[in-house]
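Tertiary structure, described
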Amino acid sequence: MEVSPNAYRPHRYLLPALLLPVLLLALAGCGDPAAPAAGGAGTGGAGDSGGAGESAPATPELEPHPDFTMTQAELEALTANAPRAARAAVAEKPQYFLELAAQLLALPSVQLRLVDKDHALPADAVPDDLVVLDRYADVLTLNRSGLSLRAALIPDLLAMVEAARQDGILLPISSTYRSYEYQAGLFERHVENLGEEQAARVSARPGTSQHQLGTALDFGSITLEFADTAAGEWLAAHARDYGFSMSYPDGYEELTGYSYEPWHFRWIGRTATGMETAFFDGLQQHMLEFWNEHEAELRRKLK
Ligand SMILES: [Zn+2]
């Protein structure tokens, strides 16, 4: 069973007859015929067909992806000021990067909108597809009534909660959509209790909270201890598989503007968490900053 694919491969791809003996010789000397340089992306879609790439090394003039009018050199220029790890990852897997980018460009822009201390939402920005979670009270664990989120993420949320339950874990939801006005009151209370400087480390000024997007949610106790609970550990390991990304990871306060929040996740969708994982070291802030800066340019390069 394992041998036959190699034998049939040349026929399937209709390689020129002259190449056949060469290829077979090469395979004969190779203990692991699956190894050739098909690239590390691993996810089916972009796999380049057979050995064609071996005889045609990439040149700067080639376009790495058929959906974009962009050469390898132009892609490198686009990522020139991205974090070093991201630059390296894009250079290594340009086709996979552009494949994910094409998918992300098809989404509503708000899904990847950068909202942080320097990028605020207007006071009147209210999602138009909010749903009250009480409707799903039989499957969700809700710490209070009246919580709401955007309809767009409900399928991924339900799938994630179901997967956690299959692992014997409940994911209690404590906070979800917050309006600009609500956030204003919340920040004011933090200032009264902690002073302005400390309040800004743990709470967002109105307009700068991801919760106003209707796609961010807080789980469990909303304390650091949550990281060591079963739910906290499960989310840290699996949330990205369902399109949820930890916004304020441990050790990145300088980058994100916030101290560690193991309970706070923003839904950006599974394609985006895939992009974040493959190209931005799993750092949402790096990816959203990049996207915020380059989305328009990538869109212009779409065919
Ligand atoms: Zn939060």
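What counts, and at which threshold
- Residues numbered from 1 in each chain as written.
- Predicted model: local features only at pLDDT ≥ 70, side-chain atom pairs only at ≥ 80, totals over all residues.
- Axes fitted to C-alpha atoms, helices over the stretch in contact; angles between N-to-C directions.
- Helix = DSSP H or I, 4+ residues; strand = E, 2+ residues; numbered from the N terminus.
- Parallel < 35°, antiparallel > 145°, perpendicular 65-115°, else oblique.
- Left-handed = near helix turned anticlockwise from the far one by under 90°.
- Contact = placed C-beta atoms within 7 Å.
- Nonpolar A, V, L, I, M, F, W, Y, C, P; charged D, E, K, R; others polar.
- pLDDT = per-residue confidence, 0-100.
- Buried ≥ 20, exposed ≤ 12 C-beta atoms within 10 Å, placed from the backbone.
- Expected span 1.5 Å × (residues − 1).
- Arc of directions from axis to C-beta.

1. A closer look at the packing of helix α6 (residues 94-105) against helix α12 (residues 270-279)
Packing of α6 against α12 brings their axes to within 10 Å, and their N-to-C directions diverge by 155 degrees. Comparing the axis directions of α6 and α12 gives the class roughly antiparallel. Considering the relative orientation of α6 and α12, their crossing is left-handed. Touching Y96, F97, L100, Q103 and L104 of α6 are T271, A272, G274, M275, A278 and F279, all from α12. Of the residues belonging to the contact of α6 with α12, the class tally is eight nonpolar, three polar and no charged.

2. Regarding the confidence of the model for the chain
Of all residues in the chain, 80% have pLDDT values of 70 or greater, and the mean over the chain is 86. Every residue in residues 1-53 scores below 50 in pLDDT, and together they form 27 contacts with partners more than four places removed in sequence or on other chains.

3. Brief notes about the environment of E233
Residue position: E233 is located in helix α10 (residues 230-238). For E233, a count of 14 C-beta atoms within 10 Å gives the class partly exposed. Linking E233 and P262, residues 29 residues apart in sequence, is a C-alpha distance of 9.0 Å.

4. Some thoughts on helix α7 (residues 154-166)
Taking 1.5 Å of rise per residue, the 13 residues of α7 would be expected to cover 18 Å, and the 18 Å separating its terminal C-alpha atoms lies within 8% of that figure. Taken residue by residue, α7 has L157, M160 and A164 as its buried positions. Here the buried residues of α7 occupy an arc of 65 degrees about the axis, which is enough to place them on one side. Exposed residues pointing more than 90 degrees away from the buried face of α7 are listed as P155, E162 and Q166. In this structure, the buried residues of α7 make contact with α10 and β6 (244-246). Remark: G168 follows α7 within two positions and exhibits a positive phi of approximately 80 degrees.

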